[in-house]
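Structural description and commentary
Chain by chain, the residues:
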Amino acid sequence: MAEIRWFWPLVVLALAFRLLLVPFADSLKLGSRPEVATPLTSLRRLAEGYWLKQSSLSPYAGSMYHGSPLLLTMLGPITMKRIQGQPTHLFCSFIFVFVDFLTAMLIRAIGQKLVLKNCKSLKLLDLSKLIESFVCLDAGGVASLIYLWNPFTIVSCVGSCTSPVENFMVVIAIYGACSRIAPLAAFGWVMATHFSLYPVILLIPVILLLGYGPDAPPSKLFLHKNPSATRSSIRIFSWKPVVYFTIWAAIWSCYILLLISIFLKGFDGLSEMLKKTHGFILKVEDLSPNIGVLWYFFAEVFDFFRAFFLILFHVNILFMVLPLAIRLMHRPCFLAFVYITISSMLKSYPSVGDAALYLGLLGLFVNELAEMKFSFFLFCGYIGVSLLSPVMHNLWIWRGTGNANFYFATGLGYACLQTVLVVESVSKMLNYDRILRKQLHTA
Amino acid sequence: MAELRRRFSTFVSVFIIFFFFFFVFFSAIVLPTLASVGDLVELEEEFTEELLLKPLPDRKVLAHFHFEILAPPSPVNGRHHHLFPKAIAQLVHKFQIRELELSFTQGRWNYERWGGSDPLSMANAKPPGVELWATFHRPESEIDHTWKNLTHALSGLFCSSINFLESSTAFSAPHWGFQPNSSVLRYGALPREAVCTENLTPWLKLLPCRDRAGVALLLNRPSIYRGHYHSQKLRLISSKLTGVKLEQTLTIVLHPSVERYGLDSFSDGSTQPSWSLNSLFKQQLMGKCALAKDSRVLFELEHDLASQIDETESDYTWRNAAFELSTMPDRVARVMKSLPNQDSSVLYGFEVSKSSDSMPMDVGIKWKLPLIWSSSHAPVYASRFLMGSGNERGSIAITFQSSHLDEWLSTGSDGCAVHAVVFQVVPWYVKVYYHTLNIFMDGKRQTISDVVKRMKISPSEDKLSPGTMELMLEFPCDMQSATLTLDFDKGFLHVDEYPPDANQGFDIPSALITYPDCYSSRSYQTVDTSHFKSSLLPKFKEGNLVQSYTEVLLVPLTTPDFSMPYNVITFTCTILALYFGSMLNVLRRRVGEEERLSKSKASERRGLIPLLLLKLSSKLRGKRPETMQHSSPLPSSSSFFGPKLFIKVVLVAVLAIFWNYYLKDS
């Protein structure tokens, strides 16, 4: 495994770069960019919710705040503090930089676990030739550096929105599952679900991770290698951590609901909270533009079709859950990555923060996906969309010379790119297993 | 025979007894009711009409028509009225209205020039468009429902789109910002509503004489709609004790045309233009409405003007050194002075009943001296504007300019303060961030708690309710100017929610600024101590709060492309299908199949176009391409354009021609 030179200096540099940008975040107006802050993650809306709470109204009164009450208690008081001549969300930005650092470290730890397991299983299959032929990079280091240096991550960290925290929770869930720490995995999963609902589908990869351990080649290959070994001796689904996970998930969710109901005491309580957070996600009520396609779709679609298409789009995420789980059962970490990518492509209020997470996780599979097709096209596409999208937005909203269709077109392009990325990566991963099998047959 | 007589006598006695009882019954029950009817006859329905004219400092004339119909509570009349319009009576009865005010306004009241604090302008300066507020004699739970029905009824009655106030996004329930202690009040405004004759005609229909006689005869449509400001108002007050009172007022600011009145008028521009009713309205007064109890024209000279005339001449005859009235007034009244520096307006009264068809009354004024005066000042002038550019976000700013605070507050010490209540309703698509409320006083930022004494905010719910803000601010007396800013994001609407002229923008209704410390009242007293009974003047006597409506704001919102729904649906669904299909394809693909595919590809590597042609021809022949590939090599071009294909093409062409020529014509 090749260590990355200059890893720690690069990490420090990334953090320093963020800290350097933080004082200019306000003048860059990143916090109100549609690409960065969605109605769910905007810190400005959080400040409004906190202000409403302070003036003894429900934070969900009005349609301003749609985030979690826990974030309100954690970040709310900080948004109110002002230092003369400094942007208002300075403290929050410091917290987000720290959270980003933690996320990167967890990604690195996940990567190291994956690479260890990978090398071990390749050795087990006697494919050491393959290990040498593939450039065995330190996937964790690469992934964490991608995460830290990704402009999307930097923008969403500096641009005062809460998506770094959401990403952190998702990564905690995966890390906890990878290292088989059931309470941690349960905590991450419950919190991530509470924050943004979509990580609920991560339940399957987390359980698979806890049951089978990190990614490995399909068990058929092991059987092929030494038929004498019984099926159970190679890949056992251990129920113990899964049971632990279930119990802990129940405990954490009860605990969180209890905290929330204490926090919202005197107001409408949990039902209102669910209606205003998860209901808001599912109903796509806010039609303000973002980098997705759903806002324009629901702004244009006829009212009597609205319910149908709402169901269609949300079910579209769920449709793929089972086929992917069947095909990628032996690679739960990759499965988690695919789920995250799909949900961030089809979610109702996407932002670049979601892209930051899945692009960072993509780095974990740098060894397997090294020969991915269209990678140059995808790279250029991402750059093109992230340059064109603000231009089109400016033309439409600020100058009035453009049209909503221009901006929507960049959203369509972005959705296409994500489609290509996720399909190609799945295809490549399945191909990788095929190559392993072929090697095994020829060997 | 005796038997018969006996029977007859018993019959008579029974009859007498019966008659006696009947008499007792009648006297006991029916008579008192009759007597009470006799008492109630005193309280008859009354109708009074008045017109107040007032020259304004900027060479314009204010004409204020005031009609009042009073229907006392009467159990006998039941649902029948002599004068009171039945439509309104039914409305009051059905919706249990306690108080209602509906105004249609075109133009904006100029508080600096036309009066910022006198009782007349306080009661009649209204925001542009339609404003409606009402309170009901009903429990809190039924009020929203009643309001919705009421808007529909009024909308039908006045030929306007008041029914847009039915939607919960259009009306609000202010607590104390609009009127103190109004828990059951509903308030709605439509700033965009255009006001024209179709609203005036049903309004005039409510009057007993319509516009056929009396003061309303002056309401010549072309002349009144030419004015700078036009506000027609209907106010209902109903209670069990006093009955129902209907006030209808029409306030117009007109610009008199100078050249039409007399040849000897000054035309150098220094003097005020002389005018008369005839020159203003192209109509003259020809007798009062026969049903009216009182019919009167009042002519008011404002405080500042009156005090200037005081300097020239002391008496208030109708011909003096400063001006000359065209008709001799019947009465002259003056404001009772309690303080030397206080209001001293002068009022001339003319009885319309003295005029007739043969002798029309034409009240007018001819100025002799060039006079410059100013109208009553508001303590603080408020105005509202938008900041920011682009269609994503912006800020609302309300500025307060202190003008003549010292006139209003007797104590000029350090501790003195003036209060202002801001009541503002914003539609839901203007998403206000209330935590960004900033207050600047004389350019310096203030902490909110120092200035805001009381605050009631109900934030807007998307597509459900508007945002309402009620703020009580406290300014120190030595303040020069203060500004209040609020940031907002502009919402994005569904295509159907845009009005037909979406690019014009959306209106934010006027905010109302009330000064709870400042009251404006005027009580007139006749110069010759005779009693001056008027329905309009007592209204000036009641202490009216000084208030002002701010400008209506026009917020341009971003529009989507209205012609795109099908394109958007197809594009988005294509992307989804692309994702779904290719993903399933990847998941479904098997190794063996792939190897076979690659093998076959390697064996017969062809160009794209021949391959496509091959597939097409095989489709046309009805054979499967796989078998083709395996069985036969590339078909020659002669076989591709074979006779069979030719026949098929000809057949299709013939069918098409047949279809085109025969079937379509029939």
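Residues numbered from 1 in each chain as written. Chains lettered and ligands numbered in written order. Predicted model: local features only at pLDDT ≥ 70, side-chain atom pairs only at ≥ 80, totals over all residues.

You'll find chain B entered in an unreviewed UniProt entry as GPI transamidase component PIG-T, with Apostasia shenzhenica given as the organism.

In the nomenclature of an unreviewed UniProt entry, chain A corresponds to Phosphatidylinositol glycan anchor biosynthesis class U protein from the organism Apostasia shenzhenica. UniProt, in the comment section headed Pathway (unreviewed entry), describes chain A in these words: "Glycolipid biosynthesis; glycosylphosphatidylinositol-anchor biosynthesis." Entered under Sequence similarities (unreviewed entry) in the UniProt record, the comment concerning chain A runs "Belongs to the PIGU family." (UniProt positions renumbered as here; feature names shortened; annotations may be inferred.)

1. Here we look at the overall build of chain B
When helices and strands are tallied, chain B shows 18 helices and 27 strands. Within chain B, buried positions represent 36% of all 666 residues. Summarising the internal contacts of chain B: among those between residues at least 6 apart in sequence, 76% fall at separations of at least 24. (Helix = DSSP H or I, 4+ residues; strand = E, 2+ residues; numbered from the N terminus. Buried ≥ 20, exposed ≤ 12 C-beta atoms within 10 Å, placed from the backbone. Contact = placed C-beta atoms within 7 Å.)

2. Structural notes on the overall build of chain A
On a plain count of helices and strands, chain A comes out with 23 helices and zero strands. For 443 residues, the compact-globule estimate of 2.2 N^0.38 gives 22 Å, and chain A sits close to it at 22 Å. Here chain A holds 443 residues, and the buried ones make up 52% of them. In chain A, of all internal contacts separated by at least 6 residues, the share reaching a separation of at least 24 is 76%. (Rg over C-alpha atoms; globule rule 2.2 N^0.38 Å.)

3. Digging into the sheet that holds strand 1 (residues 46-55) of chain B
All names here are of chain B. Taken in spatial order, the 12 strands make up an open sheet running 5-6-4-3-7-8-2-1-10-13-12-25, and their pairing is mixed. Two strands bound the open sheet, and with one partner strand each, they are strand 5 (171-172) and strand 25 (524-526). Both strand 7 (residues 229-239) and strand 8 (residues 243-254) contribute to a ladder of 11 bridges, which runs antiparallel. Each residue of the ladder has a partner; that of Tyr229, found in strand 8, is Val253. (Pairing = 2+ DSSP bridges.)

4. Structural notes on the nonpolar core
Among the nonpolar cores identified, the biggest contains 276 residues, and Ala173, Ile174, Val206 and Val338 of chain A together with Ala420 and Val422 of chain B are the most heavily contacted of them. In terms of residue count, the dominant contributor to this core is helix 23 (residues 404-442) of chain A (13 residues). Of the residues that make up this core, three or more belong to each of domain 1 (46-367) and domain 2 (380-511 + 550-555) of chain B. (Core = buried A, V, L, I, M, F, W, Y, C linked by C-beta atoms within 7 Å. Domains from an automatic or database assignment.)

5. Here we look at the UniProt feature "transmembrane region" (unreviewed entry) in chain B
Residue and element names in this part refer to chain B. Per the UniProt annotation, the sites labelled "transmembrane region" (unreviewed entry) are residues 12-35, 566-587 and 645-663. Taken as a whole, residues 566-587 contains 100% helix and 0% strand, while its terminal C-alpha atoms sit 31 Å from one another. Strand forms 0% of residues 645-663 and helix 100%; the C-alpha atoms that close the span are 26 Å apart.

6. What to know about helix 9 (residues 303-312) of chain B
Residues and elements named next belong to chain B. Among all positions of helix 9, only His303, Leu305, Ala306 and Ile309 are buried. Within helix 9, the buried residues cover an arc of 160 degrees as seen down the axis, which keeps them to one side. Summarising the contacts, the buried residues of helix 9 are in contact with strand 10 (294-301) and strand 13 (346-351). (Arc of directions from axis to C-beta.)

7. A word on the environment of Asp144 of chain B
Residue and element names in this part refer to chain B. You can see Asp144 is positioned in helix 5 (residues 140-157). The class for Asp144 is partly exposed, based on 13 C-beta atoms found within 10 Å. Considering only alpha carbons, one finds Asp144 and Tyr662, 518 residues apart in sequence, at a separation of 64 Å.

8. Regarding the interface of chain A and chain B
In many analyses, interface size is given as the accessible surface area lost on bringing the parts together. Counting from both sides, the interface comprises 41 residues of chain A and, opposite them, 38 residues of chain B. Looking at which element gives the most residues to the side of chain A that touches chain B, the answer is helix 23 of chain A, with 11 residues. For the side of chain A that touches chain B, the residue count by class is 25 nonpolar, nine polar and seven charged. (Nonpolar A, V, L, I, M, F, W, Y, C, P; charged D, E, K, R; others polar.)

9. Here's the deal with the packing of helix 11 (residues 203-212) of chain A against helix 14 (residues 239-263) of chain A
Residues and elements named next belong to chain A. Where helix 11 meets helix 14, the axes come as close as 7 Å, and the angle between the chain directions of the two elements is 140 degrees. Classified by the interaxial angle, the pair formed by helix 11 and helix 14 is oblique. Helix 14 is crossed by helix 11, and the crossing has right-handed handedness. Contacts from Val206, Ile207, Leu210 and Gly211 of helix 11 reach helix 14 at Pro241, Val242 and Phe245. Split into classes, the residues belonging to the contact of helix 11 with helix 14 amount to six nonpolar, one polar and no charged. (Axes fitted to C-alpha atoms, helices over the stretch in contact; angles between N-to-C directions. Parallel < 35°, antiparallel > 145°, perpendicular 65-115°, else oblique. Left-handed = near helix turned anticlockwise from the far one by under 90°.)

10. Quick notes on the sheet that holds strand 16 (residues 393-402) of chain B
Residue and element names in this part refer to chain B. Reading across from one edge, 15-16-22-18-19 is the order of the five strands in this open sheet, with antiparallel pairing throughout. The open sheet terminates on both sides in strands that have one partner only, identified here as strand 15 (380-387) and strand 19 (444-446). Shown here is a sheet whose adjacent strand axes are inclined to one another by a mean of 30 degrees, direction ignored.

11. A word on the pairing of strand 1 of chain B
Residue and element names in this part refer to chain B. In terms of residue burial, strand 1 counts as a mostly covered element, since nine of its 10 residues are buried. Across 10 bridges, the pairing between strand 1 and strand 2 (residues 61-71) is antiparallel. Residue pairing in the sheet places Leu53 in a bridge with Ala63 of strand 2. Hairpin remark: strand 1 followed by strand 2, antiparallel, with five residues in the connecting loop; positive phi at Arg59, about 65 degrees.

12. A closer look at the packing of helix 9 (residues 163-178) of chain A against helix 10 (residues 182-196) of chain A
Residues and elements named next belong to chain A. At a minimum axis distance of 7 Å, the contact between helix 9 and helix 10 shows a crossing angle of 150 degrees. Relative to helix 10, the element helix 9 lies roughly antiparallel. Relative to helix 10, helix 9 is oriented so that their crossing is left-handed. Taking contact as the criterion, the partners of Glu166, Met169, Val170, Ile172, Ala173, Gly176 and Ala177 in helix 9 are, on helix 10, Leu184, Ala185, Phe187, Gly188, Trp189, Met191, Ala192, Phe195 and Ser196.

13. Quick word on the environment of Ser344 of chain A
All names here are of chain A. Position of Ser344 relative to the elements: it lies in helix 20 (residues 332-346). Spatially, the C-alpha atom of Ser344 lies 11 Å from that of Leu359, the residues being 15 residues apart in sequence. If near-sequence neighbours (up to four positions away) are discounted, Ser344 is found in contact with Pro350, Asp354, Ala355 and Tyr358.

14. Here we look at helix 18 (residues 643-663) of chain B
Taking 1.5 Å of rise per residue, 21 residues should cover 30 Å, and helix 18 of chain B covers 29 Å from first to last C-alpha, within 8% of that figure. Buried residues are scarce in helix 18 of chain B, accounting for zero of its 21 residues. (Expected span 1.5 Å × (residues − 1).)

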